[in-house]
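What the coordinates show
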Amino acid sequence: MDVYGFLFGRFAAGRRAYRQKCTVQTVGFISEVRRTGKVVQHVPQILILVNALDEEGNYFQTSLKRLVPGHQLPLLVPGAAVPLRYNPKNRAQAVFDRYPDAARIQELLDRHEYSKHPGSTPLEERREINRNGVDKKALLESLRLTGNEERGEREAEITIRFFSADRESSTARRRMYLNDRVLENLAVGRYVNIRMVPEKKNLFAFVVPANHICPM
């Protein structure tokens, strides 16, 4: 009997069973990254601690283990988002989601943002931005912090200028809560990526690197 083959088969079967129990798709935010000390063909295994979102948009803690090539390690920074699936009967069990549902992830993020700032953008407006919004570039004309802070984020009044196909310009303005990672990517006088509802120009959101899902 090939003992190594037998043991590898047992391990692979166990891993498949583990993955099959993780059925609920969600998104998590990295809180800490550790090396486990295990290396496979010069690729280190990484333990990734995350704060994941449940169905109501509330946090729960879980973790993932994954072999991560050196060139991908810089992506694993605190606050970065990762798609995952978890075991609804044991949330400590989670795996990376190889085929994330972008619409579902965005819905969970919208619920989460709304739960943090219920007096800000209504949930239905957040959904409308993602459902009917169009991606475009706009000039960030002004960013003024109002002085309001809530759940570790700061409220800002944003004014942008965007251009139509015939090069005519128009402005839009709204208030929103932003975390420090988003604020670091915004500079007055530079172009930013936004998602805007065409019929409601003041209904827009930023599309910035802090919102991107780590391509693991």
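The text that follows walks through the structure, step by step, so that each part is easy to find. Model, not experiment: these values are computed from the prediction. (Residues numbered from 1 in each chain as written. Predicted model: local features only at pLDDT ≥ 70, side-chain atom pairs only at ≥ 80, totals over all residues. Heavy atoms only, no water.)

Glancing now at the sheet that holds strand β8 (residues 169-178). Across the sheet, which stays open at both edges, the five strands sit in the order β8-β7-β6-β9-β10 with antiparallel pairing between neighbours. Looking at strand neighbours, the two that pair on one side only are β8 and β10 (200-206), the edges of this open sheet. Across the sheet, the mean angle separating the axes of adjacent strands is 45° when strand polarity is ignored. Examined bridge by bridge, strand β7 (residues 153-163) and β8 share ten bridges and lie antiparallel to one another. For Arg154, the partnering residue across the bridge sits in β8 and is Leu178. (Pairing = 2+ DSSP bridges. Helix = DSSP H or I, 4+ residues; strand = E, 2+ residues; numbered from the N terminus. Axes fitted to C-alpha atoms, helices over the stretch in contact; angles between N-to-C directions.)

Time to look at the sheet that holds strand β4 (residues 81-87). On the basis of which strands lie adjacent, the open sheet formed by five strands has the order β3-β2-β1-β4-β5 and antiparallel pairing. Edge positions in the open sheet fall to β3 (59-67) and β5 (90-96), since each of these has one partner strand only. Each adjacent strand pair in this sheet contributes to an overall mean axis angle of 45°, direction not counted. Strands β1 (24-40), β2 (43-53), β3 and β4 of the sheet are contacted by helix α2 (residues 102-116), whose axis makes an angle of about 105° with β1. (Contact = heavy atoms within 4.5 Å.)

A ring pair, where both rings are aromatic, is described by two values, the distance of the centres and the angle of the planes. Throughout the structure, instances matching the rule amount to three aromatic pairs. Aromatic pair Phe29 and Tyr59: ring centres 6.2 Å apart, planes at 85°, arrangement edge-to-face. Here Phe29 is found in strand β1, whereas its partner Tyr59 is found in strand β3, with 30 residues between them in sequence. With centroids separated by 4.8 Å and ring planes inclined at 65°, the aromatic side chains of Phe60 and Tyr86 adopt a geometry described as edge-to-face. With a gap of 26 residues between them, Phe60 in strand β3 and Tyr86 in strand β4 connect regions that are remote in the sequence. In terms of burial, Phe60 and Tyr86 fall into one category: buried. Lying across the ring of Phe60, Arg91 places its NZ or CZ 4.7 Å from the centre. A cation over a ring is seen here: Arg174 above Phe204, with NZ or CZ 5.9 Å from the ring centre. (Phe/Tyr/Trp six-rings, centres within 6.5 Å; stacked < 30°, edge-to-face > 60°. Buried < 20%, exposed > 50% of the residue type's maximum accessible area, 1.4 Å probe, protein only. Lys NZ or Arg CZ within 6 Å of the ring centre and 35° of its normal.)

With that out of the way, let us pick up helix α3 (residues 123-132). All buried positions along α3 are accounted for by Leu123, Arg126, Glu128 and Ile129. Contacts made by the buried residues of α3 are with α2, β8, β9 (191-197) and β10.

Let us now look at the environment of Lys116. Note that Lys116 resides in helix α2. The exposure class assigned to Lys116 is buried, which follows from its relative accessible area of 10%. Distance in space between the C-alpha atoms of Lys116 and Arg151 is 6.3 Å, their sequence separation being 35 residues. In contact with Lys116, other than residues within four places in its own chain, are Glu150, Arg151 and Glu153.

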